[in-house]
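Geometric and topological summary
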Amino acid sequence: MAELLTDEPLFPGGPAPLFDVDHVRVEYPTPAGPVPALEDVTATVADHGLTVLAGPSGSGKSTLLRVLGLIDRPTAGRVAVAGRDVTTLGHRARRALRRDRIALVVQNPAENLIGHLTVGQNLRAAAESARQDPGDAETALDWLGIPGTAAWRVEALSGGQQQRLAFGCALARRPAVVLADEPTSQLDAASAALVLDVIARLVADGVPVVVASHDDEVITRADRVVRLREGRIEETT
Ligand SMILES: Nc1ncnc2c1ncn2[C@@H]1O[C@H](COP(=O)(O)OP(=O)(O)OP(=O)(O)O)[C@@H](O)[C@H]1O
């Protein structure tokens, strides 16, 4: 699978961290007034390895992941990607960066895939959405541990297999980083372990992965843990 990865610099720009989050605050508007989800969050994410955003429910893990994924814009503070300030970028520039450089895997396996397409078509569609060459589906499916399924409908795969395919689709886009929000929380332990193995191989192939999770199995495998509590950084290890 490594040969499917691009040799060009992921985010050209030198030695800056992949993500540099500086005194970020995020508020969500609610009928009762703005609710702070992140408060004075300062952290960096390296351009290699597995970084886990950990913390109890409601601590702000998903919000921070969405900030890194250029989905949510901070209410205050600054975010730089490979040294480039993205906080002030316009909507179109942020969307282009997201499309070309950032892959996101969400909790529900089916939501990561296009249900009416086959497994092979999903890989192709993912690659093409980022304007990449789809490459050989069988090679990718072997790598994901689901060989011979290219012609299958995605609903014929188990949840765990779908989630591995979701990471395959993420990689097919040749992103600079893969972000994943609680990717194992809907899976049994055995299926989750196989998804974690795929994540480990992505990391070994040089793709930085950032996972929001409260799953100890995920946290155990992390190179770095950013622990949140009530919207603030509690600890970085
Ligand atoms: N769209 C929204 N509107 C209002 N409040 C929100 C919204 N999204 C998140 N919040 C609030 O922001 C805070 C952080 O939520 P977030 O989902 O980032 O936490 P989390 O650590 O990922 O939680 P979980 O593990 O339960 O997914 C919570 O208090 C949550 O209720």
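Keep in mind that what you see is a predicted model, and the values were worked out from it rather than measured.

**Some words on the overall build of the protein**
A tally of regular secondary structure across the protein gives seven helices and ten strands. Since a compact globule built from 237 residues should have a radius of gyration of about 18 Å, the 17 Å found for the protein is in line with a globular shape. Projecting the C-alpha coordinates of the protein onto the three principal axes gives extents of approximately 50 × 35 × 35 Å. In the protein, which comprises 237 residues, the proportion classed as buried is 49%. When contacts within the protein are restricted to residue pairs at least 6 apart in sequence, those whose partners lie at least 24 apart make up 70%. As displayed, the protein offers around 10800 Å² of accessible surface, 51% of which is attributable to carbon and sulfur atoms. Treating the 24 positive side-chain charges of the protein as one cloud and the 31 negative ones as another, the clouds have centres 7 Å apart.

**Observations regarding the pairing of strand β2 (residues 35–45)**
Note: strand β1 (residues 19–28) against β2, seven bridges, orientation antiparallel. Among the inter-strand pairings, E27 is bridged to a residue of β2, identified as P36.

**So, unusual backbone geometry**
Even without a glycine there, the phi angle at H23 is positive, about 50°. Checked against the element boundaries, H23 lands in strand β1.

**Considering the sheet that holds strand β5 (residues 84–85)**
The strand order across the open sheet formed by four strands is β2-β1-β4-β5, and the pairing between neighbours is antiparallel. The outermost strands of the open sheet, each flanked by one partner alone, are β2 and β5. Sheet strands in contact with helix α1 (residues 61–68) are β1, β2 and β4 (76–81), and its direction is about 120° off that of β1.

**So, the sheet that holds strand β7 (residues 177–181)**
Strand order in the open sheet formed by six strands is β6-β7-β8-β3-β9-β10, and the pairing between neighbours is mixed. Strand pairing shows two members of the sheet lacking a second neighbour, β6 (102–105) and β10 (232–236), which therefore form its edges. Within this sheet the neighbouring strands show an average axis-to-axis angle of 20°, counted without direction. Of the strand pairs in this sheet, β7 and strand β8 (residues 209–212) are connected by four bridges, and their pairing is parallel.

**A word on the site of the ligand**
Contacts to the ligand come from 13 residues, most closely from S57, G58, K61, S62 and T63. One of the side-chain nitrogen or oxygen atoms of S62 is found 2.7 Å away from an oxygen atom of the ligand. When the ligand sits alone it has 630 Å² of accessible area, and the protein chains cover 62% of it. The element that contributes the greatest number of residues to the shell around the ligand is α1, accounting for four residues.

**Observations concerning the UniProt feature "domain: ABC transporter" (unreviewed entry) in the protein**
In this structure's numbering, the residues bearing the UniProt feature "domain: ABC transporter" (unreviewed entry) are residues 18–237. Counted over residues 18–237, helix gives 33% and strand 26%. Its end C-alpha atoms are 17 Å apart.

**Side note on the confidence of the model for the protein**
In this model, the protein carries an average pLDDT of 91, and 94% of its residues clear a pLDDT of 70 or more. In this model, residues 1–10 is a region of pLDDT below 50 whose contacts with residues beyond four sequence positions or in other chains number 19 contacts. The complex model carries a pTM of 0.92, and its ipTM stands at 0.95.

**Observations concerning the layout of surface pockets**
Quantified by volume, the largest pocket comes out at close to 400 Å³. What lines the largest pocket is a set of 20 residues, among which L104, N112, A126, S129 and R173 lie closest to the centre. Elements supplying a minimum of two residues to the lining of the largest pocket: α2 (91–101), β6, α3 (119–129) and α5 (159–172). Of the residues belonging to the lining of the largest pocket, the class tally is twelve nonpolar, four polar and four charged.

**Notes on the packing of α3 against α5**
Where α3 contacts α5, the two axes come as close as 7 Å, and the packing angle between them is 35°. Here α3 runs over α5; the crossing is right-handed. Facing α3, whose interface residues are V119, N122, L123, A126 and A127, α5 presents L165, G168, C169 and A172. Looking at side-chain class alone, the contact of α3 with α5 contains seven nonpolar, two polar and no charged residues.

**Description of the nonpolar core**
Counting 42 residues, the largest nonpolar core has L141, L165, F167, V178, I199 and V209 as its most contacted members. Excluding anything up to four places from it in sequence, I199 contacts L50, F167, P183, V209 and V211. Among the nonpolar cores identified, the runner-up in size contains 26 residues, and V24, L53, V67 and A212 belong to it.

Parameters at a glance
- Residues numbered from 1 in each chain as written.
- Predicted model: local features only at pLDDT ≥ 70, side-chain atom pairs only at ≥ 80, totals over all residues.
- Heavy atoms only, no water.
- Helix = DSSP H or I, 4+ residues; strand = E, 2+ residues; numbered from the N terminus.
- Rg over C-alpha atoms; globule rule 2.2 N^0.38 Å.
- Buried < 20%, exposed > 50% of the residue type's maximum accessible area, 1.4 Å probe, protein only.
- Contact = heavy atoms within 4.5 Å.
- Areas by Shrake-Rupley, 256 points an atom, 1.4 Å probe, with all protein chains shown as cover.
- Lys, Arg positive; Asp, Glu negative; His and termini not counted.
- Charge placed at Lys NZ, Arg CZ, Asp CG, Glu CD.
- Pairing = 2+ DSSP bridges.
- Axes fitted to C-alpha atoms, helices over the stretch in contact; angles between N-to-C directions.
- Near = heavy atom within 4 Å.
- Polar contact = N/O pair within 3.5 Å; in protein donor to acceptor, adjacent residues only side chain to side chain.
- UniProt positions renumbered as here; feature names shortened; annotations may be inferred.
- pLDDT = per-residue confidence, 0-100.
- 1 Å grid on protein atoms, 1.4 Å probe; cavity = no way out; pocket = protein on both sides within 12 Å on 5 of 7 lines; lining within 4 Å.
- Points joined across faces, edges and corners; volume = space filled by probe spheres on them.
- Nonpolar A, V, L, I, M, F, W, Y, C, P; charged D, E, K, R; others polar.
- Left-handed = near helix turned anticlockwise from the far one by under 90°.
- Core = buried A, V, L, I, M, F, W, Y, C linked by side-chain atoms within 4.5 Å.

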